[in-house]
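Per-entry structural report
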Amino acid sequence: MKKLARFRNLILGIVMLVFAMVLLIWPQFGTPMIMLVAGIGLLIYGIYSLIFYCTMAVHMVGGKRILFRSVLLLDLGVFMLSSYRGSERLILLYLLVLLAAYGAIDLVRALEFRKEKAAWRVRAASGVLCIVIMIAAFVFRKNPNTLVYIFCLGLISAALGKIASVFRKTAVIYIPE
């Protein structure tokens, strides 16, 4: 990882931690803020992916997949921003689907890493944690502040992961000729 990417991940991790702490302090403003930040984040990442497709990925193998992903992210961002003042059940549904997807992806990747004899335990623990948080969110779905607290747990976990990646040494592999 280059120095600029490390700095970007450090700043992003710190901003995520601060946002999570603000939401923990004032949970009554949590659900609209979650939709606003998630919608803006999806829009920005969708625009970034679309620009990446137009400039570089159009010439790559699998470039259409990047195009489809960017269009999907843009659609999700617009949809989340249009339901900015939507019901808390809709937001809870988004959160549950995202947690289920992240948990399932982490578990599948952990199984792949295990087959390749790579470090898989942290990835598996992350997947199980996402599934457990999703189950807890479903059980305590009646309390509106529960949604904010669960989102904050996920945000803190992601922020700590980003900050930890900054201090992890990058493996460099040289292939001799």
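Model, not experiment: these values are computed from the prediction.

**Looking at the overall build of the protein chain**
For the protein chain, the count of helices and strands is 6 helices and 0 strands. Counted from the first residue to the last, the protein chain has its helices and strands arranged as α-α-α-α-α-α. Across its three principal axes, the protein chain shows a C-alpha extent of roughly 60 × 35 × 30 Å. Put simply, the protein chain has 177 residues, and 30% of those count as buried. Considering only contacts in the protein chain between residues 6 or more positions apart, those separated by 24 or more positions represent 71%. Only carbon and sulfur atoms are counted for the fraction: they give 73% of the accessible area of the protein chain, which is about 12,400 Å².

**Observations regarding the packing of aromatic side chains**
Scanning the model with the defined rule gives 1 aromatic pair in all. Here R114 stacks its cationic end above the ring of W120, 5.0 Å away from the centre of that ring.

**Quick notes on the environment of S49**
Structurally, S49 is set in helix α2 (residues 30–55). For S49, a relative accessible area of 1% corresponds to the buried category. With 18 residues separating them in the primary sequence, S49 and L67 have C-alpha atoms 7.3 Å apart. If near-sequence neighbours (up to four positions away) are discounted, S49 is found in contact with I66, R69, S70 and L73.

**Here's the deal with the side chain of D106**
Tracing the backbone shows D106 in helix α4 (residues 88–115). Leaving out residues up to four positions away in the same chain, D106 has contacts with R123, S126 and G127.

**A word on the packing of helix α1 (residues 3–25) against helix α6 (residues 144–167)**
Direction vectors running N to C along α1 and α6 enclose 160°, while the axes themselves pass 8 Å from each other. Overall, the two elements α1 and α6 adopt an arrangement that is roughly antiparallel. Note that α1 runs across α6; the crossing there is left-handed. By residue class, the composition of the contact of α1 with α6 is 22 nonpolar, 3 polar and 2 charged.

**With respect to the nonpolar core**
One finds L23, I34, L95, L99, I150, F151 and L155 to be the most contacted residues of the largest nonpolar core, which totals 24 residues. Elements with a minimum of two residues in this core: α1, α2, α4, α5 (121–139) and α6. Of all the elements, α6 adds the most residues to this core, at 8 residues. Residues in contact with F151, not counting those within four places in the same chain, are F19, L23, I34 and L95.

**A word on α1**
Counted at 1.5 Å a residue, the expected span for α1 with its 23 residues is 33 Å, and the 33 Å between its end C-alpha atoms agrees. Of the residues making up α1, those classed as buried are A5, N9, G13, M16, F19, A20 and L23. The inward-facing, buried residues of α1 contact α2 and α6.

**Section: the environment of G62**
Mapped onto the elements of the fold, G62 is located in the loop between α2 and α3 (63–82). Separated by 47 residues in the primary sequence, G62 and R109 place their C-alpha atoms 20 Å from one another.

**Comments concerning the pattern of salt bridges**
When the charged atoms of two side chains lie near each other, side chains of opposite charge can form a pair. Going through the model one piece at a time under the given rule, you end up with 1 salt bridge. Across the salt bridge formed by R123 and D106, the nearest N and O atoms sit 3.3 Å from each other. Within this pair, whereas R123 is found in helix α5, its partner D106 is found in helix α4, the two being separated by 17 residues in sequence. Owing to a relative accessible area of 12%, D106 belongs among the buried residues under this scheme.

Cut-offs and rules
Residues numbered from 1 in each chain as written. Predicted model: local features only at pLDDT ≥ 70, side-chain atom pairs only at ≥ 80, totals over all residues. Heavy atoms only, no water. Helix = DSSP H or I, 4+ residues; strand = E, 2+ residues; numbered from the N terminus. Buried < 20%, exposed > 50% of the residue type's maximum accessible area, 1.4 Å probe, protein only. Contact = heavy atoms within 4.5 Å. Areas by Shrake-Rupley, 256 points an atom, 1.4 Å probe, with all protein chains shown as cover. Phe/Tyr/Trp six-rings, centres within 6.5 Å; stacked < 30°, edge-to-face > 60°. Lys NZ or Arg CZ within 6 Å of the ring centre and 35° of its normal. Axes fitted to C-alpha atoms, helices over the stretch in contact; angles between N-to-C directions. Parallel < 35°, antiparallel > 145°, perpendicular 65-115°, else oblique. Left-handed = near helix turned anticlockwise from the far one by under 90°. Nonpolar A, V, L, I, M, F, W, Y, C, P; charged D, E, K, R; others polar. Core = buried A, V, L, I, M, F, W, Y, C linked by side-chain atoms within 4.5 Å. Expected span 1.5 Å × (residues − 1). Salt bridge = Lys/Arg side-chain N within 4 Å of Asp/Glu carboxyl O.

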